[in-house]
Amino acid sequence: MAYILLLVGFALLIKGADFFVNGSSNIARLLRVPPLLIGLTIVAFGTSSPEATVSIIAALEGSSGVAVGNVVGSNIFNITLVVGMAAFLYPLKVDSETIKKQIPFTLLASVALLILMSDVVLQGFGSNVISRGDGFIFLLFLSIFMYYVIETGLKSRKDAEIKPPETDISWGKNIAVTLLGLAAIIFGGNLVVTNGTEIAYSLGMSETLVGLTIIAIGTSLPELVTSITAALKKESEIALGNIVGSNIFNILFVLGASSAISPLAVSGEVVIDVIFMIILTVLLLIFSRTGFKIGKREGLVLAVLYVVYLVYIILRN
């Protein structure tokens, strides 16, 4: 039964992402806002909902390893396999604002996470903990990011070239399509995570490995399907904006809200994973600066790096 529900979850993710990209793209045109900003906000927040759901529930239940591992594993999966596969299918154009501000902001959030979780090295404590105070700092960073996005959106309505809305585009229809797609993404993601985890446990995998692989991959499937769908539709601004926005939301909102609810203990192994996440973010920034696009070759490199990382954590555990 778990295998059947897993397949149902995949089907909901794929169809939901198709609806979500179509609806959000049309809303962007109706609002006269660049698709990139829709990717950074509505799409990113929507596709980060599974991570938020899983991590907040894990924090409430005292499973801090799952809460932190889910976010870090999801971000690594997003940068490597999601961007890699989307770029391999269709080269992703990179907006100058993404290079100058959004990817550096992702890097800043990642470095802030490393600093705030490194209590053993920096403060000599016996263990690493993301405290409630750290959680509120993340939420403060999120409010700064949202202020920037809104300000940029208002400015871009005046001076950006945006496709005019089509005559048959209506508010009601596209809001309904977007919400329906989002519901399918969240429900499908939950089905995949729940049943994928059940299958993993039945195969004898450890909780840490499940958190970094099955749960992280499962909660990142919306980003994967949405970005690939957007790339195939040649909406590359949404494809890349979705990933950058999701990674920012995962750290600042998901970990911020989770640790504000309950302090999260962090294992030494996860610190290594965060350092790897930072290195990958720097690599994404370098790739983005080469001709303002991420092509097939860069996409293949990123996808291979995820396979290498996956082998590493399986052998480590």
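Conventions we followed
- Counting restarts for each chain, with residues numbered from 1 along the sequence as it is written.
- Under the rules for a predicted model, residues below a pLDDT of 70 receive no local features and side-chain atom pairs below 80 are neither given nor counted, while totals for whole chains, interfaces and linings still include all residues.
- Working from all heavy atoms in the structure, the side-chain values ignore hydrogens and water.
- Secondary structure follows DSSP: runs of H or I at least 4 residues long count as helices, runs of E at least 2 residues long count as strands, and numbering of each begins at the N terminus.
- The buried label goes to any residue with under 20% of its type's maximum accessible area, the exposed label to any with over 50%, and the partly exposed label to all in between, with areas taken from a 1.4 Å probe on protein chains only.
- Note on definitions: a residue-residue contact is assigned when non-hydrogen atoms from the two residues lie within 4.5 Å.
- By this rule, a helix spans an expected 1.5 Å times one less than how many residues it contains.
- We define the bend at any residue as the angle between the axes fitted to the seven residues before and including it, ending there, and the seven starting there.
- Think of each axis as a best-fit line through the C-alpha atoms, taken over the contacting stretch in the case of a helix, with angles from 0 to 180 degrees between the N-to-C directions.
- Reported orientations rely on four angle classes, namely roughly parallel under 35 degrees, roughly antiparallel over 145, roughly perpendicular from 65 to 115, and oblique for the rest.
- Polar here means any residue outside two lists: the nonpolar Ala, Val, Leu, Ile, Met, Phe, Trp, Tyr, Cys and Pro, and the charged Asp, Glu, Lys and Arg; Gly therefore counts as polar.
- Within this scheme, the nonpolar core is defined by two criteria: the residues are buried Ala, Val, Leu, Ile, Met, Phe, Trp, Tyr or Cys, and they are joined through side-chain atoms within 4.5 Å.
- The definition of a polar contact used here is a pair of N or O atoms within 3.5 Å, where within protein one atom must be able to donate a hydrogen and the other to accept one, and adjacent residues in sequence count solely through side-chain atom pairs.
- Crossing chirality is assigned from the near helix's rotation relative to the far helix, an anticlockwise turn below a right angle marking it left-handed and a clockwise turn marking it right-handed.
- Basic side-chain nitrogens of Lys or Arg form a salt bridge, by our definition, when they fall within 4 Å of a carboxyl oxygen of Asp or Glu.
- Each residue carries a pLDDT value, the predictor's own confidence for that position, ranging from 0 to 100.
- Only the six-membered ring of Trp is used, alongside the rings of Phe and Tyr, when aromatic pairs are assigned; centres must lie within 6.5 Å, and planes under 30 degrees apart are stacked while those over 60 apart are edge-to-face, with the rest tilted.

1. Focus: the environment of isoleucine 79
You can see isoleucine 79 is positioned in helix α4 (residues 64-89). Here isoleucine 79 falls in the buried class, since its relative accessible area comes to 1%. Taking the C-alpha atoms as reference points, isoleucine 79 and isoleucine 243, separated by 164 residues in sequence, lie 7.2 Å from one another. Those residues in contact with isoleucine 79 that lie beyond four places of it in its chain are Gly84, Ile243, Asn247, Met277, Leu280, Thr281, Leu284 and Leu302.

2. Some details on α4
Helix length check: α4, at 26 residues, gives a terminal C-alpha distance of 36 Å against a target of 38 Å (1.5 Å per residue), a fit within 8%. Of all the bends in α4, the greatest, near 35°, is centred on asparagine 78. The element α4 is largely enclosed, with a buried count of 22 among its 26 residues.

3. Things to note about the packing of α4 against helix α10 (residues 236-261)
Running from amino to carboxyl end, α4 crosses α10 at an angle of 170°, the nearest separation of the two axes being 10 Å. With respect to each other, α4 and α10 are oriented roughly antiparallel. In this structure, α4 uses Ala67, Val68, Val71, Ser74, Asn75, Asn78, Ile79, Val82 and Val83 to contact α10, whose residues at the interface are Leu240, Ile243, Ser246, Asn247, Asn250, Ile251, Val254 and Leu255. The residue makeup of the contact of α4 with α10, split by class, is 11 nonpolar, six polar and no charged.

4. Describing the environment of threonine 213
Note on placement: threonine 213 falls in helix α9 (residues 207-232). With relative accessibility at 5%, the residue threonine 213 sits in the buried group. Spatially, the C-alpha atom of threonine 213 lies 31 Å from that of aspartate 95, the residues being 118 residues apart in sequence. For threonine 213, the residues in contact, after removing those within four places along its chain, are Met205, Gly218, Leu310 and Ile313.

5. A look at the nonpolar core
Within the largest apolar cluster, 89 residues are counted, with the highest numbers of intra-cluster contacts made by Val68, Leu92, Leu113, Ile130 and Val274. No other element matches the 13 residues that α4 contributes to this core. Sequence-distant contacts of leucine 113, defined by excluding residues within four places in its chain, comprise Val72, Ile130, Phe138, Ile251, Leu255, Val274 and Met277.

6. Considering the side chain of asparagine 195
The topology assignment puts asparagine 195 in helix α8 (residues 171-202). Polar contacts involving the side chain of asparagine 195 include one to the main-chain carbonyl oxygen of leucine 191, which spans 2.8 Å.

7. Re the packing of helix α5 (residues 96-117) against α10
Think of two packed helices as two axes; the pair is described by the angle between the axes and how far apart they sit. Taken N-terminus to C-terminus, the directions of α5 and α10 make an angle of 30°; their axes are 10 Å apart at the nearest point. Taken together, the axes of α5 and α10 lie roughly parallel to each other. Every pair of crossing elements has a handedness; the one defined by α5 and α10 is left-handed. In this structure, α5 contributes Thr98, Gln102, Ile103, Phe105, Thr106, Ala109, Ser110 and Leu113 to the contact, and α10 contributes Leu240, Val244, Asn247, Ile248, Ile251, Leu252 and Leu255. Within the contact of α5 with α10, the residues separate by chemical class into 10 nonpolar, five polar and no charged.

8. Brief notes about the pattern of salt bridges
Where side chains of opposite charge bring their charged atoms close, a pairing between them can arise. Throughout the structure, instances matching the rule amount to one salt bridge. For aspartate 273, the salt bridge identified is with arginine 316, shortest N-O distance 3.1 Å. Here the residue aspartate 273 occupies a position in helix α11 (residues 268-288), and arginine 316 occupies one in helix α12 (residues 296-316), the gap between them amounting to 43 residues. We note that aspartate 273, like arginine 316, is buried.

9. Some details on the confidence of the model for the chain
Per-chain confidence: the chain averages 83 in pLDDT, with 93% of residues scoring 70 or above. When pLDDT is averaged over each helix and strand of the chain, the minimum, 69, is found for helix α2 (residues 35-47) and the maximum, 92, for α11.

10. What to know about the packing of aromatic side chains
This structure, assessed with the given rule, holds five aromatic pairs. Taking 5.2 Å as the distance between ring centres and 35° as the angle between the ring planes, the aromatic pair formed by phenylalanine 105 and phenylalanine 145 counts as tilted. Linking phenylalanine 105 in helix α5 with phenylalanine 145 in helix α7 (residues 132-159), this pair joins segments that are 40 residues apart in sequence. Residue class for phenylalanine 145 comes out buried when judged on its relative accessible area of 1%. Residues phenylalanine 276 and tyrosine 309 carry aromatic rings whose centres are separated by 5.2 Å and whose planes lie at 10° to one another, so their mutual orientation is stacked. Taken together, the positions of phenylalanine 276 in helix α11 and tyrosine 309 in helix α12 put the pair 33 residues apart, joining distant regions of the chain. With relative accessibility at 23%, the residue phenylalanine 276 sits in the partly exposed group.

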